[in-house]
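# Inside the fold
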Amino acid sequence: MFDALAEKLQETLSDVRGRGTLTEDDVNKAMREIRLALLEADVNFKVVKQFTQTVKERCLGAGVLGQLNPGQQVVKIVNEELTALMGGSSAGITFSPRPPTVVLMAGLQGSGKTTATAKLARHLKEAHGSSVAVAACDVYRPAAVEQLVKVGTQAGAAVYEQGTDKDPVDIARWALDRAKTEGKDVLIVDTSGRLHIDERLMQELKDIRKAVKPHAILLVVDAMTGQDAVNVSEQFAEAVDFDGVVMSKLDGDARGGAALSVKAVTGKPILFASVGEKLDQFEPFHPDRMAQRILGMGDVLSLIEKA
Amino acid sequence: SKTREALTSEIQATLFDTLDEETWERLEEALIMADVGARTTAGVVGQLEQEATSGQVEGGPALQERLIELLAGIAKTGTDTIDLRHEPTVIMAVGVNGTGKTTTIGKLAWHLQRELGKTVLLGAADTFRAAAVEQLTRWAERAGCDIVTGPEGSDPGAVAFDAVAQGRERGVDVVIIDTAGRLHNQEDLMNELAKVRRVIGKQMPDAPHETLLTIDSTTGQNGVRQAKLFSEAVPVDGIVLTKLDGTAKGGIALAIAGELQIPVKLIGIGETLEDLRPFDADDFARALVAP
Ligand SMILES: Nc1nc2c(ncn2[C@@H]2O[C@H](COP(=O)(O)OP(=O)(O)OP(=O)(O)O)[C@@H](O)[C@H]2O)c(=O)[nH]1
Ligand SMILES: Nc1nc2c(ncn2[C@@H]2O[C@H](COP(=O)(O)OP(=O)(O)OP(=O)(O)O)[C@@H](O)[C@H]2O)c(=O)[nH]1
Ligand SMILES: [Mg+2]
Ligand SMILES: [Mg+2]
């Protein structure tokens with residue numbers, strides 16, 4: 001079925017039907033609709049600007065595309081560009097040839113790190129038969145350790161914790177030693193939520209990174225995040241150069257434009273989608289589906305094929 | 001805060017420094033970047049532009065002040081205070097996962113006890129999330145108040161009922177009920193929330209007296225849907241705009257106030273007991289358009 005943007009574009013460009021090619025004026029009209037749709041989806045303002053510029057150029061350069069009407073033509077270009085920007089298919093976690101493979105989780109408060117830590121542990125256990133340990137390095141948030149003990153155990157991981165009196169960097173180092181001794185395949189380090197502008201905690205994150213030399217650092221980003229996703233991801237990238245993103249709470253109805261913003265400004269791939277509170281609600285991320293979700297187009301391709 | 005004020009004086013120098021064609025674009029950009037949303041932004045920019053063109057408002061500083069006035073006007077809606085005259089006053093915190101319900105309750109309990117001399121009892125009706133009860137228990141200890149809990153996985157309505165019953169029995173001034181985070185598009189969970197509310201009402205007829213919805217300041221346009229669907233399930237009396245200590249401006253609260261007439265009552269500005277403040281529409285409006 002036609003969804004919001006596709007329908008609007010058809011409408012906006014309906015009078016062009018039969019003329020075959022798009023004039024600059026048509027394209028500008030279409031870009032206004034696209035811009036609004038992307039902003040409504042929370043794609044960052046600056047990313048939208050750049051994106052519409054690229055799309056505009058392609059639309060103007062595009063010749064008559066066979067039997068597609070102008071609206072469909074633009075939809076197709078937008079979809080292609082957005083999918084390209086979202087990146088290719090997800091690579092997941094690359095295991096280190098010398099176990100344990102260490103994964104460090106980071107992100108803002110409440111974004112879903114602890115849940116994602118347990119989910120990833122379960123995922124690696126199920127998909128690869130790995131033996132996994134998780135380390136409780138959030139000593140600040142009340143009952144964060146208890147939470148990880150519960151969800152980590154549920155996930156079938158060993159939970160390494162030392163309460164809340166030790167320094168998170170020391171706990172991380174201790175956990176790595178223990179994972180080595182116990183011959184674990186994977187160690188996932190949960191950290192406390194922190195603001196990207198909190199210098200002390202960002203330094204702590206750098207120190208944890210130095211202590212455990214993770215093979216992958218994952219930034220957990222809430223799918224409902226608005227324009228600030230750019231600031232957050234830029235500053236986490238600058239501090240610890242994370243490797244990939246987990247988009248959480250994608251079971252909500254947010255369009256999730258933050259995914260595009262993060263990818264566009266940091267170039268880091270989105271690796272996993274967290275889609276619920278239960279531990280099995282975790283899956284590899286599909287960039288093409290995300291592109292369509294952001295645009296609010298259920299099934300663009302079939303729409304175009306129907307043309 | 002100090003930085004906010006510093007930023008505000010800066011904006012006066014930037015946004016309306018030179019009035020040209022780009023002025024309105026810059027303003028639009030500032031509001032969109034603050035998560036105010038395209039619709040509300042268009043309304044505000046349109047009105048200001050019209051007032052400027054018709055000569056009603058002239059010059060940079062006047063425009064700046066008028067802008068703040070317009071924004072604050074939208075933000076000010078309904079009653080922005082919490083009525084504590086019921087005996088006990090029952091407050092329920094609701095919201096999407098991880099937005100700050102439990103933390104806000106801890107801060108609020110502390111504030112009520114310490115600043116207002118009220119006795120507070122907490123009800124741990126998030127029986128679902130791992131260690132949610134332990135988390136609230138820790139906050140009760142910090143705030144120095146009692147807490148009513150039930151076993152993990154038990155009926156949240158039963159815990160809420162019990163908390164209100166005990167609150168009445170003990171003659172406390174305020175009972176605050178924590179609930180599990182839930183996404184507004186999950187119907188069964190929203191029905192469960194409505195049920196918790198009804199059960200509270202069975203224990204005390206007009207309770208809960210205040211239902212607070214926590215909205216994370218980093219939330220984008222989905223925040224309006226959150227507020228809409230939560231207020232359909234349980235009448236929402238006010239918003240607590242959390243995590244305003246980050247770089248997000250929380251502009252979605254303006255869209256919520258404008259579109260749904262739900263006022264912001266409190267703001268969260270950190271993770272300690274003292275980090276809860278009453279909402280100030282003028283400060284908020286100024287910060288929204290600060291660079
Ligand atoms: N619906 C839904 N809820 C989620 C998802 N991921 C996490 N949550 C919930 O979001 C809330 C916060 O998740 P946590 O894993 O505690 O987040 P965190 O980043 O560890 O939080 P802090 O440690 O406090 O910074 C909890 O209620 C989780 O159950 C998801 O994909 N979908
Ligand atoms: N920086 C900052 N962090 C906050 C604020 N309010 C809450 N947090 C943090 O956000 C995270 C989530 O807070 P919670 O109180 O657990 O949120 P919740 O809504 O109860 O979460 P669930 O019960 O899992 O849905 C915790 O790490 C809190 O410390 C705030 O105003 N500023
Ligand atoms: Mg956590
Ligand atoms: Mg909670």
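Our subject is the structure listed above.
The following refers to the structure shown. Every value quoted in this text rests on a predicted model; they were computed, and no experiment measured them.

## Description of the overall build of chain A
Within chain A one finds twelve helices and eight strands. Expressed as a percentage of the 307 residues in chain A, the buried residues total 58%. Look at the contacts in chain A between residues 6 or more apart in sequence, and 77% of them connect residues 24 or more apart. Entry remark: accessible area of chain A is about 12200 Å², with carbon and sulfur atoms responsible for 47%.

## Concerning unusual backbone geometry
Among all residues except glycine, the phi angle is most often negative; among peptide bonds, the trans geometry is most common. Cis peptide bonds are those with omega within 30 degrees of zero, and the linkage from Glu 87 of chain B to Pro 88 of chain B qualifies with -5°. A cis amide bond links Ala 207 of chain B with the next residue in sequence, Pro 208 of chain B, at an omega value of -5°. Topologically, Pro 208 of chain B is positioned in the loop between helix 8 (187-203) and strand 5 (210-216). Notably, Lys 213 of chain A is not glycine yet its phi reads approximately 40°, a positive angle. Along the chain, the position of Lys 213 of chain A falls in the loop between helix 8 (199-212) and strand 5 (216-222).

## A short note on the sheet that holds strand 2 (residues 120-125) of chain B
Residues and elements named next belong to chain B. Spatially, 3-2-4-1-5-6-7-8 is the arrangement adopted by the eight strands of the open sheet, whose pairing is mixed. The open sheet is flanked by strand 3 (146-148) and strand 8 (276-278), the only strands paired with a single partner. Across the sheet, the mean angle from the axis of one strand to that of its neighbour is 25°, orientation sign disregarded. Judged from the three bridges that link them, strand 2 and strand 3 form a sheet pairing that is parallel. Its bridge partner lying in strand 3, Leu 121 is registered against Asp 146. Packing against the sheet, helix 5 (residues 101-114) makes contact with strand 1 (89-95), strand 2, strand 4 (174-179), strand 5, strand 6 (238-242), strand 7 (264-268) and strand 8, and its axis sits at approximately 170° to strand 4.

## Some points on the site of ligand 2
Lining the immediate environment of ligand 2, one finds 22 residues, of which Gly 100, Lys 101, Thr 102, Thr 103 and Glu 271 of chain B sit closest. More than one chain reaches ligand 2: the nearby residues come from chains A and B. Within the side chain of Lys 101 of chain B, a nitrogen or oxygen atom sits 2.7 Å from an oxygen atom of ligand 2. For ligand 2, an oxygen atom lies 2.5 Å from a polar atom in the side chain of Glu 271 of chain B. In isolation ligand 2 offers 650 Å² of accessible surface; the protein chains occlude 96% of this area. Tallying contributions element by element places helix 5 of chain B first for the shell around ligand 2, with four residues. For the shell around ligand 2, the per-class residue count stands at two nonpolar, twelve polar and eight charged.

## Some words on empty space enclosed by the protein
Any space left empty among the atoms is revealed by the rolling of a water-sized probe across them. Scanning the entire structure with this criterion turns up one cavity of 30 Å³ or more. Space inside the largest cavity adds up to approximately 250 Å³. Together, 29 residues line the largest cavity, and Leu 108, Asp 222 and Thr 225 of chain A together with Asp 216 and Thr 218 of chain B are the ones closest to its centre. If you tally residues by element for the lining of the largest cavity, the top one is strand 5 of chain A, at four residues.

## A closer look at the site of ligand 1
If you check the shell around ligand 1, you find 23 residues, and the closest are Lys 113, Thr 114, Thr 115, Arg 141 and Glu 277 of chain A. Residue neighbours of ligand 1 fall on chains A and B, so the site bridges chains. Between Gly 110 of chain A and ligand 1, the recorded distance is 2.9 Å, taken from a backbone N or O atom to an oxygen atom. Take Ser 111 of chain A: an N or O atom from its main chain is 3.2 Å from an oxygen atom of ligand 1. For the shell around ligand 1, the element with the most residues is helix 5 (residues 113-128) of chain A, which contributes four residues. In the shell around ligand 1, the residues fall into three nonpolar, twelve polar and eight charged.

## Focus on the nonpolar core
Formed by 74 residues in total, the largest nonpolar core has its most connected members in Val 74, Met 86, Leu 187, Phe 236, Met 247 and Ile 294 of chain A. Excluding its chain neighbours within four sequence positions, the residues that come into contact with Phe 236 of chain A are Ala 106, Gly 107, Leu 108, Arg 194, His 196, Met 202, Leu 205, Leu 219, Asp 241 and Phe 242 of chain A. Counting residues in hydrophobic clusters, the runner-up holds 65 residues, among them Ile 177, Phe 230, Ala 285 and Leu 288 of chain B.

Quick notes on the rules
- Residues numbered from 1 in each chain as written.
- Chains lettered and ligands numbered in written order.
- Predicted model: local features only at pLDDT ≥ 70, side-chain atom pairs only at ≥ 80, totals over all residues.
- Heavy atoms only, no water.
- Helix = DSSP H or I, 4+ residues; strand = E, 2+ residues; numbered from the N terminus.
- Buried < 20%, exposed > 50% of the residue type's maximum accessible area, 1.4 Å probe, protein only.
- Contact = heavy atoms within 4.5 Å.
- Areas by Shrake-Rupley, 256 points an atom, 1.4 Å probe, with all protein chains shown as cover.
- Pairing = 2+ DSSP bridges.
- Axes fitted to C-alpha atoms, helices over the stretch in contact; angles between N-to-C directions.
- Near = heavy atom within 4 Å.
- Polar contact = N/O pair within 3.5 Å; in protein donor to acceptor, adjacent residues only side chain to side chain.
- Nonpolar A, V, L, I, M, F, W, Y, C, P; charged D, E, K, R; others polar.
- 1 Å grid on protein atoms, 1.4 Å probe; cavity = no way out; pocket = protein on both sides within 12 Å on 5 of 7 lines; lining within 4 Å.
- Points joined across faces, edges and corners; volume = space filled by probe spheres on them.
- Core = buried A, V, L, I, M, F, W, Y, C linked by side-chain atoms within 4.5 Å.

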